[in-house]
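Chain residues, written in single-letter form:
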Amino acid sequence: TLIVDSTTINCPNLFTNEFNGHKKKKCTKIHVVLDLNKTVKLFEVGIGSEHDSNFLQNNSRKILDMNPRNFLADAAYFSSSLKSFFESSFCRFLVPKKLQRISHKLYKKRILIENFFASLKQFRGIERSFVRKLENLKSNLSVAFSLLLL
């Protein structure tokens, strides 16, 4: 089982003139794919205003190469074309449409990635203003991911 989600961080120097439509401030979005052992299988840094389903469309082949039985995402990643693509590769595409329909088992798996992001945001160097290059942010994230595995 693989789980995908994203979070935003305040790194205004990476992508200029891009605004998150809801928060109206410059930000950067981190997409992470985890397995059930909290191991980061794939991550990508992008513009905060970009829709989540774009990440999944661009990386669906990489995800299917990992041979997951189940793929768990939130509603922002849902599209019928992606669902049919995953299910044609014998991978269950689990996206809860409404909160009432989330089973307890799925919620327990979703909480893994939410807790992962909560502990990731404890690393204050990730959001500091001295991170001016995308490569620096990616290396900071890699170090944080490694420390979270310990």
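Look a little higher up for the structure.
What counts, and where the lines are drawn
- Residues numbered from 1 in each chain as written.
- Predicted model: local features only at pLDDT ≥ 70, side-chain atom pairs only at ≥ 80, totals over all residues.
- Heavy atoms only, no water.
- Phe/Tyr/Trp six-rings, centres within 6.5 Å; stacked < 30°, edge-to-face > 60°.
- Helix = DSSP H or I, 4+ residues; strand = E, 2+ residues; numbered from the N terminus.
- Buried < 20%, exposed > 50% of the residue type's maximum accessible area, 1.4 Å probe, protein only.
- Salt bridge = Lys/Arg side-chain N within 4 Å of Asp/Glu carboxyl O.
- Patch = residues over 30% accessible without salt bridge, like charges linked within 9 Å, V, L, I, M, F, W, Y side chains within 5 Å.
- Areas by Shrake-Rupley, 256 points an atom, 1.4 Å probe, with all protein chains shown as cover.

Colleague: Which parts of the structure should I look at to understand the packing of aromatic side chains?
Modeller: Aromatic ring pairs: the centre-centre distance and the angle between the two ring planes describe each pair. Tallied over the full model, the rule gives 8 aromatic pairs. Where F78 meets F93, the ring centres are 6.5 Å apart and the plane angle is 35 degrees; that geometry is what we call tilted. In this pair, F78 is assigned in the loop between β4 (70-72) and α2 (80-88) and F93 in strand β5 (residues 92-94), connecting sequence segments 15 residues apart. What makes F93 buried here is its relative accessible area of 4%. Look at F116 and F145: their rings are 5.5 Å apart centre to centre, the planes differ by 35 degrees, and that puts the pair in the tilted class. Here the residue F116 occupies a position in helix α3 (residues 104-120), and F145 occupies one in helix α4 (residues 134-149), the gap between them amounting to 29 residues. By relative accessible area, which is 3% here, F116 ends up buried. Judged by its relative accessible area of 7%, F145 is buried. Cluster of aromatic residues (ring-pair linked, three or more members): F71, F78, F85, F86 and F93.

Colleague: Would you take a moment to explain the pattern of salt bridges for this structure?
Modeller: A side chain of one charge can pair with a side chain of the opposite charge if their charged atoms are brought near each other. According to the stated counting rule, one finds 4 salt bridges in the structure shown. Salt-bridge contacts for D52 lead to K29; the nearest nitrogen and oxygen are separated by 2.9 Å. Of this pair, D52 sits in helix α1 (residues 52-64) while K29 sits in strand β2 (residues 28-35); the two residues are 23 residues apart in sequence, bridging distant segments of the chain. Residue D52 is classed as buried on the basis of its relative accessible area of 9%.

Colleague: Could you clarify how one ought to interpret a nonpolar patch on the surface in this entry?
Modeller: The grouping of V143, L147 and L150 at the surface amounts to a nonpolar patch, some 340 Å² of accessible area in total. Structurally, L147 can be placed in helix α4. When its relative accessible area of 43% is taken as the criterion, L147 is described as partly exposed.

Honestly, it's all geometry; don't read function into it.
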